[in-house]
Structures are given as structure tokens and as C-alpha cells.
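What the coordinates show
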2 protein chains.
Amino acid sequence: MNLSKTHNLRSDGSRLWSTIVETAAFGGTPAGGINRLTLSPEDGHVRDWFRDACAAAGLTVTVDALGTQYALRPGRDMSRKPIAFGSHLDTQPTGGKFDGVLGVLAGLEVIRSLNDAGIETEAPLLVVNWTNEEGSRFAPAMMASAAYAGDFTTDDILAKRDAAGITVADALDAIGYRGSEPVGAQAIGAFVELHIEQGPVLEAEGKTIGVVEGGQGIMWFDGVITGFESHAGTTPMPRRRDALLALSEFALAAETIALAHAPSAVATIGEAAILAPSRNVVPGRVAFTLDVRDPRATTLDAMESALRDAAADISGRRRLEIALTRIWRKEPVPFDPAIVAAIDAAAESLGHSRRRIISGAGHDACNLAAKVPAAMIFVPCKDGISHNESESATQADCAAGADVLLQTVLRLANAPAPTEA
Amino acid sequence: MNLSKTHNLRSDGSRLWSTIVETAAFGGTPAGGINRLTLSPEDGHVRDWFRDACAAAGLTVTVDALGTQYALRPGRDMSRKPIAFGSHLDTQPTGGKFDGVLGVLAGLEVIRSLNDAGIETEAPLLVVNWTNEEGSRFAPAMMASAAYAGDFTTDDILAKRDAAGITVADALDAIGYRGSEPVGAQAIGAFVELHIEQGPVLEAEGKTIGVVEGGQGIMWFDGVITGFESHAGTTPMPRRRDALLALSEFALAAETIALAHAPSAVATIGEAAILAPSRNVVPGRVAFTLDVRDPRATTLDAMESALRDAAADISGRRRLEIALTRIWRKEPVPFDPAIVAAIDAAAESLGHSRRRIISGAGHDACNLAAKVPAAMIFVPCKDGISHNESESATQADCAAGADVLLQTVLRLANAPAPTEA
């Protein structure tokens, strides 16, 4: 360990920014975004660029059977599992230049900065580019990290088809990225993912670094409210069984229930449609969706119970039926406390303003957390906007995130080797 | 006057019912409803039937330039303007057997009953079948009565086109119902329209007769709520500008405002659509419609003011914009107090349970009221359902309505001649 040499080490923010600009040309859109669907020719080009850049930085690049790229830098103690970091290089069809990209390119920058400073780490380092985080072309999203964690078999994933009927297997072959390494075989001792927040909290609070403690649990519900369609002119108010008014009460109840579990809980009715809507007809039937999230499973339980109570109360008072079906529940993902603490310490040592935060969106690190110690670093993005060509982050924030990643990686790689379970 | 002979006179409910069943065959549907769009071949057939039945009852049938049929029965004093009654024989494309039809056929039944009893009235009587009340084929609805009242010129209406581009003029010619009488030339001293309620009030309260005091005023609004679309997972509740939650508050405020003007006022959001809805996106924009009705113009004013206050309050608290545009206002139509009193007295003399009521829907009588003294009689319809093939009314209620119409007509036609204004 050479702490005197490393504790003030920073990445080269200007070099990082230039790689963001350079790789944004692969699938770059006139509006300044990126259209780089997973396993597309553009994805192939950026993968080639990444492979070559890693090789030039002295890394050994391997590819697994689902196309995930692993770029290894040896450590002093090769018996230790590598400290891994990265994210994904694929984008939404109208994606931005930072979602995923920042985490991979900051990983490369960490390696380059260590090389420049001539620093060797105890544990090996591993930069990773996970295949298909976005899920825009092939469902599910985050499929390579899920397969790595054992949620799917490789064959399951290889057989998934896009809208044109092309399988993952064929798409991998088409760009030459169907690797030979078995999925899950690559050893990983810990995983750290730097990412833009994709939310408004850091920007609003003027914080540079989000120390991510975990990923939220998610519940998805489908709802149908069945009242009675009637004439808007001839049906007195007390006689109505108005499905839209019932939805209105339920939507406000869901908001109140989320606020009762502030600040973490959220509830969203994102879709709501009146059956056969007409200006002068009292709505008889409304279908809607409900998305509920919180980092604690017990809170999810309490919220579902409160939501069902609210539905029962409203349906009773308004003499209609509210059917609420939970179609999906994903348990909360707690990140590894030691890595979270390392990120926090790294941010503090660098003097960056920071806050603990929960990831509202899904990430590869959330999948990885089931198999290896993992955590994430967030940096602000403008107006919280993501999955949009206008997605934006500042060079200074990207550099700060890369610095925190670098210092976190050094702390993890140079810490005493963990006792294997 | 021969009050001793008339005050107990009733119509023949069985004969009335048989005409309802017989004419329901013109455009009859397998589901038991009627598809008899105005000026269609089926409308031509029922017009022919009505003309022949009136002629057989000794009436003189004329047709005006917009196809409205007038069937005149002489009175003892031919200097008096006729007491008119009727409704319309056209239906919605999936209409029922009673909406409009009852008023015309009960008019015929009134004549037949008077003939059977050998009763002559002081004023002449006039049964009317107004062209295109429904408005399903040609807009606007109730166009012939509106033209009679002077709201449109005959040429304006003749030039209206249906979805296939056919003009009213051509459609009238096609079934031979473009009459020679100028629209508005037919003298009418008073107009009484028997109709199913098209609402649930009479049935719910167990009343047989609705003594209709007027037609509601109507305001139509278009609304757009503009908040901010954001990620359902990463946007904390307090930072959201959720257009659907704003709509929810506004919908409940509209309900509260209508209830504050109970029992007459109603407010309905019949259409509401989220722009680009997605399960995991906070709704950024919602468009909606608002229908507000009350029989008093001052109440409409107060409701609009309260609705705008509510919108301002919600948009301020939730940091979004609510644009509320009034696209139409129809003033309330008060019916003639003397005719309303005559209907009430007729219902009382016949021993029918009754209540004063306001028409929530538009009717030819509402147009007529601007030019001649007018009022309406309602009878219950099952579950308040109308404009539907399942529309239903009992034979007993139809007969009761015809009896009240008969007795009302006798009172009006045999009353001392009104002083001309």
C-alpha cells in the first residue's frame, strides 16, 4: 500500500469528458443524444472502441457468452477477487450521453489515472460493460447482470427475441460479441457503479455526490374501477357511481400514503383511461396502473395494506368496485454497508458535498448485489431528466464522480482481503 | 266546454302501446332497440305511417321545408292558435323505443281518444313530429325546432351535411319530406312534450309523473393541466408536478361545487386523457372536458367562478398550470308557468304521484320555449338509461303520461283564449 501516493489522487476530468464526447459519436443523434440499442452495429462499434482503449491501457479484455466485456488489471495479490466497476454502453433509442456510459468510461479513466501515477493495487481491478441494461431492444432490462447473478440461465437469455424476431444469440453473433467465457465465471470481489442520478434530488439540494445505500423495492398494480355510466345532464350528483371520481380519490389517497412514509416512498398512477369517454357521460369504468416503491419491504407491505383499505373505503362510499391486482413485486436491494462506507469516506476525503440516497431506478449493481458486495455512486443530472436526448451532466460533476470512484476502488482494492464466506 | 264529459277522460294505454310496438319495426334492431337516423329510409317509413295514421284520425297533415310534420285537428274557435304537442320519431343509431317516439305516439293517442269520446276542443290541436332531434346524422341536434324558433335560417339547416357529405336538403328530397310550408309559419299557441325522463330520479323516488319546470343551462369547458413528466422511481413526492393528481383534486372540487348547489346542479368530467401515459412515468400533461349544468343562470355563474378559484388554488399549490376554457354556454330555459301548472293539475286530477323536475337533457320543447309557451311531462325510464337499445319504460307509465298529456291539452285548449301579446 502506498497511501501517501494515492490519498490525493484524482482522475483526469478533461480526459474523461473527451471520451464521453468521442464515444457519443457511435449512434449520436442530431439532437445531441445517442441511439445505441444493445447489440446494434453502433453498440458493436463502441464495444470495439472500449476493447481497444482497455487493451491500450494494458488491460486484458474477455467477453462472456452474453457479450459482457471484462477488462482486467492485475493486482499485487492475484489470489484476491477483482474489485469491479463499470456500467453499460447501450442506450435507449432516444437516450442521452451519460446513462451507463459515464460508469464505464469513468472506469476506464480510473485505470488510466492509476497507470499515469504508476500505482498498483493489492486486489486486481476489473472494468465491466454489461450487455443490455436498457431493455429497449430485448426484454428484460439488465439481463446480463441478472444472468451473472443467477436469475436466468444463459440459454434463456440467448433465446430472447427483439421486435423483429432476432434472438440475442444471433444479435451477439452479428457483431462478433458472443464470447466464450461462461456467464458468472468471472470472479468479482465487489462491484461499484457510478451513474447519473436520473432524478432531481442532488441537483435540487446542491449536492455533488449521492452515496447510494440501496435500490428501492417496487410493486406494480393494475386497477379497474367499475361504476355506472350515466347521463351527465340527468343524473343527480348523489346518484352517480362515477369511476373517475373514485380514481381521483384513490390517486390522492395513494399520494397521502406515500407521503406518510416520507421521504423514501413514492406512488404513481402513470396510466389512467376512461372506457368509452364522452363529454356528457358520467364515466362508468376506468382502468389504471399504480407503481409503488420504497427501500424497505415492511413499508411496501404497509403501503399495500393502506392502499387496499383506501380502495375498500372509496368503493363502499361511492357504491362501485375497485379491483386492484398486484402484478409484480421486486424486493428492495440493500447495498453492502462496507462499500457504502468506503464511498462516503472517499467523497469526504475529496471534499465533495454528498448525501445518502436510494436508487429509484433499476441498475446492474442492483442485480449484482444479490451475488457480490455492491454499491453505487450518483452524480447530478440536469433537471433529473434521463432516457432523453436532452439528458445532461456537467464535466465537473462527472469528474467528481470519477474521483470518488477512483478513491473508493483504491480503498476496496487496498483494504485487507475480506474473509471469504 | 263539456267538462263533465272530459274531466275523467283517459287515453287508451293498450292502443298507445301497440303503436309503440308497431312503429318500433321501422329500424328495429335484434337487441330490441331502434336504428332510425333522421331522414333515413326507415325514418321515411315511420313518417309515412304517422301521416297515414293521422289522416285516418281525421287530421290534416302538412310538412314544412325542414320536414317537420304537423297534424291539425280543428277546434271550435279556429281563430285560436293550436295547442301543439309531440316530439320526434328519429332515434340514435343504437336508440330505444321510447325517446321521442312516446311523445309523438301519445299525441296521436290523445287525438284518437278525443275522437272516440266525440270531444271537440275550443282551440285547434296540433300533433308535431320535429325533424332531427337526435343530431346523430346531422348536427346540430334539435335543428328543426331551433329553426322554427328562429335560431337558424332554413337555408342554413338545408345545407348541413352528414358524414357522407349528403345535405339535409338532399336527404329530405330522398324520402319525399321536403315540404312546402315555410319553417315557423305554422301557428302554435302552446307546446307540450311528453318524454321519458332519461334520468333516474322518478324511478328512484317511485314517482309516475315529472312536471318539468324548465331545461338546464349548460356550460362546456375544455381543460389542460401542464405539470412535468418525471421518473416514477426517482422523483420524490414533494418535487412532483403530477398532472393527474391535479386533475384528481379538480374533479373532486367540481363535485363539491355541484353538491354546494344541490339538488339541481351537476358537474361531470367525462373525458380525461394523460399525454403519453406510461406505468413508470409521473403524468406531465392531462387534457379533460367538463360539463356543468344548472337551471339558474346565476348558479352557472357562481359555479364557473368557484371552478376557476379551485383551479387557481390547485395550480398554485401543485406548481403547474391549469387552462380552463369555456367553449359553450347555453342559458337555462324556464318553461311557461301556466302550462307547468296545467300539467301539475292534470296529474293531480288523475291521482298520479308526481314531482317538479328539471330536464337535464335538451329537447325540442326547450327550443320552442323561446318562441311559444311550452313545458314538458316526464315519465320514468328503467335505470335512467336512454340512447341505448335497452331503454325501457312500462306500459302503465306510458299510459299515465299520455293521460296527463290528454288532460293538459284539454285544459289548455278549453281554457279562455289567452290575450295575445
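Rules used throughout
- Residues numbered from 1 in each chain as written.
- Chains lettered and ligands numbered in written order.
- Predicted model: local features only at pLDDT ≥ 70, side-chain atom pairs only at ≥ 80, totals over all residues.
- Heavy atoms only, no water.
- Helix = DSSP H or I, 4+ residues; strand = E, 2+ residues; numbered from the N terminus.
- Rg over C-alpha atoms; globule rule 2.2 N^0.38 Å.
- Buried < 20%, exposed > 50% of the residue type's maximum accessible area, 1.4 Å probe, protein only.
- Contact = heavy atoms within 4.5 Å.
- Areas by Shrake-Rupley, 256 points an atom, 1.4 Å probe, with all protein chains shown as cover.
- Lys, Arg positive; Asp, Glu negative; His and termini not counted.
- Charge placed at Lys NZ, Arg CZ, Asp CG, Glu CD.
- Domains from an automatic or database assignment.
- Buried area = accessible area lost by both parts, 1.4 Å probe.
- Salt bridge = Lys/Arg side-chain N within 4 Å of Asp/Glu carboxyl O.
- Polar contact = N/O pair within 3.5 Å; in protein donor to acceptor, adjacent residues only side chain to side chain.
- Nonpolar A, V, L, I, M, F, W, Y, C, P; charged D, E, K, R; others polar.
- Core = buried A, V, L, I, M, F, W, Y, C linked by side-chain atoms within 4.5 Å.
- Phe/Tyr/Trp six-rings, centres within 6.5 Å; stacked < 30°, edge-to-face > 60°.
- Expected span 1.5 Å × (residues − 1).
- Arc of directions from axis to C-beta.
- Axes fitted to C-alpha atoms, helices over the stretch in contact; angles between N-to-C directions.
- Parallel < 35°, antiparallel > 145°, perpendicular 65-115°, else oblique.
- Left-handed = near helix turned anticlockwise from the far one by under 90°.
- Least-squares fit on C-alpha atoms with pLDDT ≥ 70 in both.
- Pairing = 2+ DSSP bridges.

This paragraph deals with the overall build of chain A. What chain A contains, in helices and strands, is 13 helices and 16 strands. Computed over C-alpha atoms, the radius of gyration of chain A comes to 24 Å, within 12% of the 22 Å expected from 2.2 N^0.38 for 421 residues, which places it in the range of a compact globule. Projected onto its principal axes, the C-alpha coordinates of chain A cover approximately 80 × 45 × 45 Å. Sorting the 421 residues of chain A into buried and exposed places 59% on the buried side. Once local pairs closer than 6 in sequence are excluded, the contacts in chain A between residues at least 24 apart make up 80%. Accessible surface computed for chain A: about 15,100 Å², of which carbon and sulfur atoms make up 53%. Here chain A carries 37 positive and 52 negative side-chain charges, and the mean point of each set is 4 Å from the other.

Moving on to the domain arrangement of chain A. Residue and element names in this part refer to chain A. Along its sequence, chain A is carved into domain 1 (3-215 + 333-414) and domain 2 (217-330). Using C-alpha coordinates to define each centre, domain 1 is positioned 38 Å away from domain 2. The partner domain 2 presents four residues to the five residues of domain 1 that form the contact. With both sides pooled, the region where domain 1 packs onto domain 2 buries about 330 Å², and carbon together with sulfur makes up 51% of that total. By the criterion of area lost to domain 2, the three top residues of domain 1 are Gly215, Ile358 and Gly360, representing 65% of everything that side buries. Taken together, domain 1 and domain 2 are joined by zero salt bridges. Inspection of the region where domain 1 meets domain 2 yields one residue pair in polar contact (both at pLDDT 80 or more). Here the side of domain 1 that touches domain 2 is built from residues that sort into three nonpolar, two polar and no charged.

Counting 94 residues, the largest nonpolar core has Phe85(A), Trp130(A), Ile188(A), Phe191(A), Phe335(A) and Leu405(A) as the members making the most contacts within it. It is helix H13 (residues 395-414) of chain A that contributes the most residues to this core, ten residues altogether. Residues in contact with Phe335(A), not counting those within four places in the same chain, are Val212(A), Glu213(A), Gly214(A), Gly215(A), Val340(A), Ala365(A), Cys366(A), Ala369(A), Ala374(A), Ala375(A) and Met376(A). Grouped together as the second largest cluster of nonpolar side chains are 93 residues, Leu39(B), Ile111(B), Ala190(B) and Ala402(B) included.

Bringing the pattern of salt bridges into the picture now. Pairs can form between side chains of opposite charge once their charged atoms are near each other. All told, the structure shown has 52 salt bridges over all chains when counted by the stated rule. For Arg296(B), the salt bridge goes to Asp294(B), with nearest N and O atoms at 3.6 Å. A salt bridge links Asp301(B) to Arg329(B), with the nearest nitrogen and oxygen atoms 2.7 Å apart. Placement of Asp301(B) in helix H10 (residues 297-318) and of Arg329(B) in strand E13 (residues 321-330) is noted, with a sequence separation of 28 residues between them. A residue is classified by how much of its surface remains accessible, and Arg329(B), at 22% relative accessible area, is partly exposed. Members of the salt-bridge network, linked through shared partners, are Glu213(A), Asp344(A), Glu348(A), Arg354(A) and Arg356(A).

With that settled, consider the packing of aromatic side chains. All names here are of chain A. One pass over the structure, following the stated rule, counts twelve aromatic pairs over all chains. On the basis of an interplanar angle of 75 degrees and a centroid distance of 5.9 Å, the ring pair of Trp130 and Phe191 is categorised as edge-to-face. Of this pair, Trp130 sits in the loop between strand E4 (125-129) and helix H5 (143-148) while Phe191 is found in strand E5 (residues 190-196), placing the two residues 61 residues apart along the sequence. For Phe191, a relative accessible area of 0% gives the class buried.

On to the side chain of Thr235(A), then. Positionally, Thr235(A) belongs in the loop between strand E8 (230-231) and helix H9 (243-259). A distance of 3.3 Å separates polar atoms of two side chains, one belonging to Thr235(A) and the other to Ser230(A). Contacts of Thr235(A), omitting those with residues within four sequence positions, involve Ser230(A), Arg240(A), Pro200(B) and Val266(B).

Two residues of an α-helix separated by three or four positions point the same way, owing to the 3.6 residues in each turn. With 22 residues, H10(B) should cover 32 Å at 1.5 Å per step; its first-to-last C-alpha distance of 31 Å lies within 8% of that length. Taken residue by residue, H10(B) has Thr299(B), Leu300(B), Met303(B), Glu304(B), Leu307(B), Ala310(B), Ala311(B), Ile314(B), Ser315(B) and Arg318(B) as its buried positions. One side of H10(B) holds all its buried residues, which, seen down the axis, span an arc of 135 degrees. Relative to its buried face, H10(B) has exposed residues pointing more than 90 degrees away, namely Thr298(B), Asp309(B) and Gly316(B). In this fold, the buried residues of H10(B) make contact with H9 of chain A together with strand E7 (217-226), helix H9 (243-259), strand E9 (266-268), strand E12 (285-294) and E13 of chain B. Once H10(B) finishes, Arg319(B) follows within two positions and takes phi at roughly 55 degrees, a positive value.

Attention shifts here to the interface of chain B and chain A. Contact with chain B, which involves 55 residues of that partner, is made by 55 residues of chain A. Buried surface at the junction of chain B and chain A, summed over both partners, amounts to about 4,400 Å²; 63% is from carbon and sulfur atoms. It is Thr234(B), Met237(B) and Arg279(B) in chain B that bury the most area against chain A; as a group they hold 18% of the surface buried on that side. Linking chain B with chain A are four salt bridges. Between Asp222(B) and Arg279(A) there is a salt bridge whose closest N-O contact spans 2.8 Å.

Moving on, we get to the packing of helix H2 (residues 13-23) of chain A against H13(A). Helix-helix packing: each pair is described by the crossing angle between the helix axes and the interaxial distance. Residue and element names in this part refer to chain A. In the contact formed by H2 and H13, the axes pass within 9 Å of each other and the chain directions differ by 110 degrees. Our classification of the angle between H2 and H13 gives roughly perpendicular. Crossing handedness for the pair H2 and H13: right-handed. Facing H2, whose interface residues are Gly13, Ser14, Leu16, Trp17 and Ile20, H13 presents Gln395, Cys398, Ala399 and Ala402. Here the residues of the contact of H2 with H13 sort into six nonpolar, three polar and no charged.

Our next topic: the packing of helix H3 (residues 41-56) of chain B against helix H4 (residues 101-117) of chain B. All names here are of chain B. Orientation of H3 relative to H4, taken along the N-to-C sense of each, is 15 degrees, at an axis distance of 10 Å. When the interaxial angle is binned, H3 and H4 end up roughly parallel. The chirality of how H3 crosses H4 is left-handed. Residues Trp49, Phe50, Ala53 and Cys54 of H3 lie in contact with H4, whose contacting residues are Val104, Leu105, Leu108 and Arg112.

Here Ile327(B) is to be found in strand E13. For the pair Ile327(B) and Trp220(B), spaced 107 residues apart in sequence, the C-alpha to C-alpha distance is 5.6 Å. Among residues more than four places away in sequence, those in contact with Ile327(B) are Arg279(A), Trp220(B), Phe221(B) and Asp222(B).

With that out of the way, let us pick up the relation of the copies chain B and chain A. Note on the identical chains: chain B maps onto chain A by a rotation of 180 degrees and an axial translation of 0.0 Å, with an RMSD of 0.1 Å. In the structure described here, the two chain copies are related by an operation that fits a two-fold rotation axis. Relative to the rotation axis, the closest C-alpha in chain B is found at Ser248(B), a distance of 2.0 Å. A high fraction, 100%, of the interface residues of chain B reappear at the interface in chain A, so the copies pair face to face through one surface.

Moving on, we come to the pairing of E7(B). All names here are of chain B. Inspection of the sheet shows E7 paired to E12 by ten bridges, in the antiparallel sense. Paired with Val224 across the strands is Ala287, a residue of E12. Note that E7 and E13 share nine bridges and pair antiparallel. Within E13, the position partnered with Val224 by the bridge is Ala323.

What follows concerns unusual backbone geometry. The omega angle of the peptide bond from Ala262(A) to Pro263(A) is -5 degrees, so this bond is cis rather than trans. Looking at where Pro263(A) falls in the secondary structure, it is placed in the loop between H9 and strand E9 (266-268). For Asp383(A), which is not glycine, the phi dihedral falls at a positive 60 degrees. Mapped onto the elements of the fold, Asp383(A) is located in the loop between strand E16 (374-379) and H13. By relative accessible area, which is 40% here, Asp383(A) ends up partly exposed. With phi around 65 degrees, Leu39(B) is a residue other than glycine that occupies positive phi space. Counting through the fold element by element, Leu39(B) comes out in the loop between helix H2 (13-23) and H3.

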